[in-house]
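The chain contents come next:
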Amino acid sequence: MPIKKSNIIINKSKTSLLELKRELFSLLQKYRIPNKNIVYSKNNDFENIQYFCREIQDVLFDLYGQETTSQLPSEKIYEDYKYIPRIKENHFQVYSRRYIGNKHKLLSWIFSIITKECLGNSFADIFSGTGIIAAEASRIYKKIIVNDFLYSNYAIYKAFFENAKYNLMKIEAIINSYNSVSPAYISDNYFSRNFGGRFFSANDAKKIGFIRDNIENNKTNLTEKEYYILITSLIYSVDKIANTVGHFDAYIKKSDMKDSFVLKQIDVFPIDDISIYRQDANLLVKNISADIVYIDPPYNSRQYSRFYHVLENLTKWNKPELYGIALKPQAENMSDYCRANAKSKFYELIKDLQAKYIVVSYNNTYDSKSDSSKNKISLDNIKNILENKGSTKIFDKDYRYFTAGNTDFQNHKEYLFVTRAKSAKHN
């Protein structure tokens, strides 16, 4: 419910903190704004008034400036596609990680629609994230293209998907040797000095840093595939025990952190015909083509390179200087899809795509109370841009969105747009 400007008027003649609190709390209740637990000073009414006003000012302004987005007419589909996960005991699967926007639980719905609406032999996933969509597409389509701008995701694709030489027994022996090393015999290192006692226990951080250094020092003794398998096994093992809510924008403050790190191997997933990229998607689409292109860009201001900076650091291993409470390096790989120009970037992307079919995932977080979670592109924007490219169908599904935080999206829906392009080159 948007707030009219005339409603947000406080009687300035009231100087009593109690009277001001009553008036402001009535606004909180009227517009269903969560009532925060505010601690007041006992002696200074003026400071208390200022503090209270600051607490609710941002929320009131957010509500006043909130844009509504229409609910588009959409279709339902019977989910007749049955996803059967790969299970290898004591191994990580490609989907076995915490990641904002992870589509693992939506696979059956997404591919029920794609296999019904789209024809072709080649499939491109150009904002691939965890890689789970590309992995599932490889069961159906002959040629796969996978892309993401993050170094850690690129390493993951090389490890799981690339059809290259590696020695499984060698990998198992190396991982077993790492797990046998006691932290008591490991010196402090870059990783433990920065992340020990914060994102990980001191001993776990020492062991993680030791393993990463050792992998790098022995890189010449490994094939490229073996190198990326070890890096990715480390990424997944680190993500499993990280002292976070699912991302590395902050850590949970604990007085007693238990040692729990164990390096576990990934279950590799070689794909016969795959091309792996780490490029800006808007530049990549000018140089590739596919029958089906799947698009799931970030839609809000949360930069993935900042949310997963620990994994990016662990992958690149340049050991940069870190800043702030969350120990982040200097910003890099910042996506325009998280900025005000997201709509124009999406328009350019769709215009340059060479595909028979364009499939776009969209989650309606535009009603979020958190400004960082609000979508930069609306449903109507997506629909209008896609309809310029070709005939478009819209499907929706009720779905609880994973935000890796405390934001609760009511009546959340996941949308899937399927566009049949008017004309395009394709494989």
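This text follows the structure it describes.
This report concerns the structure included in the present document. Model, not experiment: these values are computed from the prediction.

1. Observations regarding the packing of helix H8 (residues 202–217) against helix H9 (residues 224–241)
At step 1: With their axes 10 Å apart at the nearest point, H8 and H9 run at an angle of 170 degrees to one another. As far as their axial angle goes, H9 and H8 are roughly antiparallel. Side by side, H8 and H9 meet where Asp 204, Ile 208, Ile 211, Arg 212, Ile 215 and Glu 216 of the first sit next to Tyr 227, Leu 230, Ile 231, Leu 234, Val 238 and Ile 241 of the second.
At step 2: Taken together, the residues that form the contact of H8 with H9 break down as nine nonpolar, no polar and three charged.

2. A word on the packing of aromatic side chains
At step 1: Under the counting rule described, the total for this entry stands at 13 aromatic pairs.
At step 2: Ring geometry for Tyr 227 against Tyr 228: centres 5.3 Å apart, planes inclined by 70 degrees, an arrangement best described as edge-to-face.
At step 3: You can call Tyr 228 buried: its relative accessible area is 15%.
At step 4: Put simply, the rings of Phe 92, Tyr 157, Phe 160, Phe 161, Tyr 236 and Phe 269 pair up and form one aromatic cluster.
At step 5: It is Lys 219 that lies over the ring of Tyr 227; its NZ or CZ is 4.4 Å from the centre.

3. Considering the sheet that holds strand E1 (residues 122–125)
At step 1: Taken in spatial order, the seven strands line up as E3-E2-E1-E4-E5-E7-E6 in an open sheet, and their pairing is mixed. Here the strands that pair on one side only, and so sit at the sheet edges, are strand E3 (274–277) and strand E6 (390–398). Between one strand axis and the next, the sheet turns by 15 degrees as a mean value, whatever way the strands run.
At step 2: Helix H5 (residues 151–160) rests against strand E2 (143–147) and E3 of the sheet, and its axis sits at about 160 degrees to E3.

4. With respect to the packing of H9 against helix H12 (residues 309–316)
Packed helices, taken two at a time, are described by their axes: the angle between them and the distance between them.
At step 1: It is at 10 Å that the axes of H9 and H12 come closest, and there the two elements cross at 155 degrees. Taken together, H9 and H12 sit at an angle that is classed as roughly antiparallel. Between H9 and H12 lies a crossing of right-handed hand. Between H9 and H12, the contacting residues are Ile 231, Leu 234, Ile 235 and Val 238 on the first element and Leu 311, Leu 314 and Thr 315 on the second.
At step 2: When the residues that make up the contact of H9 with H12 are grouped by side-chain class, the tally is six nonpolar, one polar and no charged.

Rules of the game
- Residues numbered from 1 in each chain as written.
- Predicted model: local features only at pLDDT ≥ 70, side-chain atom pairs only at ≥ 80, totals over all residues.
- Heavy atoms only, no water.
- Axes fitted to C-alpha atoms, helices over the stretch in contact; angles between N-to-C directions.
- Helix = DSSP H or I, 4+ residues; strand = E, 2+ residues; numbered from the N terminus.
- Parallel < 35°, antiparallel > 145°, perpendicular 65-115°, else oblique.
- Contact = heavy atoms within 4.5 Å.
- Nonpolar A, V, L, I, M, F, W, Y, C, P; charged D, E, K, R; others polar.
- Phe/Tyr/Trp six-rings, centres within 6.5 Å; stacked < 30°, edge-to-face > 60°.
- Buried < 20%, exposed > 50% of the residue type's maximum accessible area, 1.4 Å probe, protein only.
- Lys NZ or Arg CZ within 6 Å of the ring centre and 35° of its normal.
- Pairing = 2+ DSSP bridges.
- Left-handed = near helix turned anticlockwise from the far one by under 90°.

Don't take any of this as a statement about function, it's just geometry.
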